[in-house]
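Examination of the molecular architecture
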Amino acid sequence: MKQILILFCVLGACVAQATADRPNIVLIMSDDQGWGETGYNGHPHLKTPVLDKMAATGLRLDRFYAGSPVCTPTRASVMTGRHANRSGAFSWNWSIRPEEITLAQILKDAGYRTGHFGKWHIGAVKKGSPLSPRALGFDENLSHDNFFEMSPALSRNGEPAVTIQGEGSAVIVDEALGFARKAVAEQKPFFVVIWFGSPHDPYSGLKPDTKLYESIGPPLADRFAEITALDRAVGEFRNGLDEMQVRDNTLLWFNSDNGITTEGVPEEQRKDLFNGNLRGKKGQLHEGGIRVPCIIEWPRVITKPHTSHLATATSDILPTIIDVIGLQHPQPDRPLDGVSLKQLIVDGDMTRRPRPMGFWRYHNKPERDGEPWITDQSLTEMITTTARQRARKAKGEYEQPDIFWNYKHPVARRNIPDRAAWMDNRYKLLVEKGGKKLFLYDLLNDRNETTDLAFEHPKIVKRMKKQLDTWQQSVENSLTGADY
């Protein structure tokens, strides 16, 4: 009996040591920040010294893509490793489904302390919601249903929202650091998700930050000020990791949720927007709508600066993280759209993506005639307010509670005439005008998508279109609920 007890103690110690040696994981995402909206990508006005330093010392992914040209689907792809259409999260204010398996759930089951701070937007944050951060694997959260600005109204662990005074990015970083400190005190690895509300419009910046851009003037100066404040908040978090003496073994992954936007920027100021001459913007499947800034730090492993031009995406985050840690997906037969980038991060020698990736703006209007996925629609109501909502309420305008949409889709479609894109290591096939027009771009030689090669390379178009069709049918099958 004594020998058995000793064996259990040894095994327990080994498990505890293995957990302690696992890296902390931090995912940071900005809201509507374009690929070119950093100093390191050549912006003529923006001041982003922290991101610039990270890009100069870590792993810089220069061909990194948001899972969608709008926010909610990208966030769904981060949490699930799957294209958001598989779970019906087609666009903003469309939720995922409770049956999805999230990265937070996987890491929590592996012994991580898990916390979410900031924008959620893949389901209601309220207590009782089956899609709240707590329900989807987070131990603690201070979250907003949507985007937020100065002095945000945030919900702590599903309770009614409370306004917290301060600059929005600084507020959530302060909370995230407090959570990380508790995890370190408990000798537990932590998984922290920081999803900023900046620089989503309407724009509001601190005076010292807006003064940096006074020659440009508001409101664009306020947008730039929000990015500068966001950059500073990232620096504060990194400093906090240093103070806790854990930054060396913390994998920190920064990216934006979609490409650059012109929302809230007057026509006369748009000349000062810069996105590296990428074509398109938020909402579009051209590069400007989906290519976003991305930097990964992990000082213990990424010891030399490196810039990669490998095609990578937000759907790669989940399979990469679990592979790095040595975990298995609890449902290995469930389709994932992302691939592991462990070879790129750890070995630094990944030069080809093992399979292409798809993008798909789903024609979702007809879905609203269906039966709700969550029968009790009160569980889908948002309880936090945006700056726009507060402005309307201040004027006495009536506003019904916003809800998240998701509907049952029992039969897979066969004819799929939506806007989509299919991308491999070199080429991008773009499907527009309800599927009636196909464009082909060589992204290695034409990043700005100036020359359509579809007529010149019909065999490539045919091959890629067939692959896209097969992938879309797989997504349609998932949308029926077949994966659950």
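Described below are features of the structure shown in this document. In this text, all values refer to a predicted model and were calculated from it rather than measured experimentally. Counting of residues starts from 1 at the beginning of each chain's written sequence and follows it residue by residue. For this predicted model, a pLDDT threshold of at least 70 governs which residues receive local features, and a threshold of 80 or more governs which side-chain atom pairs are given and counted, while totals over whole chains, interfaces and linings are taken from all residues. Each side-chain value is worked out from all heavy atoms of the structure, with water and hydrogens disregarded.

Another point: the pattern of salt bridges. Between side chains of opposite charge, a pair can form when the charged atoms approach closely. In the sections that follow, a salt bridge refers to a side-chain nitrogen of Lys or Arg positioned within 4 Å of a carboxyl oxygen of Asp or Glu. This structure, assessed with the given rule, holds 37 salt bridges. The partner of D31 in a salt bridge is R75, with the nearest N and O atoms 3.8 Å apart. Separated by 44 residues along the polypeptide, D31 in the loop between β1 (24-30) and α2 (49-57) and R75 in helix α3 (residues 71-80) bring together distant segments of the chain. Considered together, D31 and R75 belong to a single accessibility category, that of buried residues. In this structure, R291 engages E287 in a salt bridge whose closest nitrogen and oxygen atoms are separated by 2.8 Å. Judged on exposure class, the residue R291 and its partner E287 are both buried. Within the structure, one salt-bridge network assembled from shared partners comprises K108, R113, D139, E140, K182 and E186. Runs of E in the DSSP output that reach at least two residues are strands. Runs of H or I that reach at least four are helices, and both are numbered from the N terminus. When a residue's accessible area, from a 1.4 Å probe over protein chains only, is under 20% of the maximum for its type it is buried; when over 50% it is exposed; and in between it is partly exposed.

Attention shifts here to the packing of aromatic side chains. For this analysis, a ring pair means two rings from Phe, Tyr or Trp (six-membered ring only for Trp) whose centres lie within 6.5 Å, classed as stacked if their planes differ by under 30 degrees, edge-to-face if by over 60, and tilted for the remaining angles. According to the stated counting rule, one finds 16 aromatic pairs in the structure shown. A centroid spacing of 5.8 Å and a plane angle of 85° characterise the contact between W120 and F138, whose relative ring orientation is edge-to-face. Here the residue W120 occupies a position in the loop between β4 (113-119) and β5 (140-144), and F138 occupies one in the loop between β4 and β5, the gap between them amounting to 18 residues. There is no split in this pair, since W120 and F138 are both buried. Ring plane angle 45° and centroid distance 5.7 Å describe the contact between W422 and W471, whose orientation is recorded as tilted. Remark: W471 occurs in helix α12 (residues 458-479) and W422 occurs in strand β15 (residues 419-423); sequence separation between them is 49 residues. Just as W422 is buried, W471 falls in that class too. Here a set of aromatic residues connected by ring pairs shows up, and it is made of F90, W94, W360, Y362, W405, Y407, W422 and W471. Any Lys NZ or Arg CZ that is within 6 Å of a ring centre and within 35 degrees of that ring's normal is treated as a charge sitting over the ring. Above the plane of the ring of W195 lies R75, whose end atom (NZ or CZ) is 5.1 Å from the centre. Its end group placed over the ring of F439, K437 keeps NZ or CZ at 5.3 Å from the ring centre.

The side-chain alternation of strand β11 (residues 294-297) yields two buried faces, one formed by C294 and I296 and the other by I295 and E297. Bridge count between strand β2 (residues 59-61) and β11: 2 bridges; the pairing is antiparallel. The partner of L59 across the bridge, within β11, is I296. Any two strands are treated as partners once DSSP identifies two or more bridges connecting them. The pairing of strand β9 (residues 250-256) with β11 spans 4 bridges and is classified as antiparallel. Bridge pairing in β11 places W253 opposite I296.

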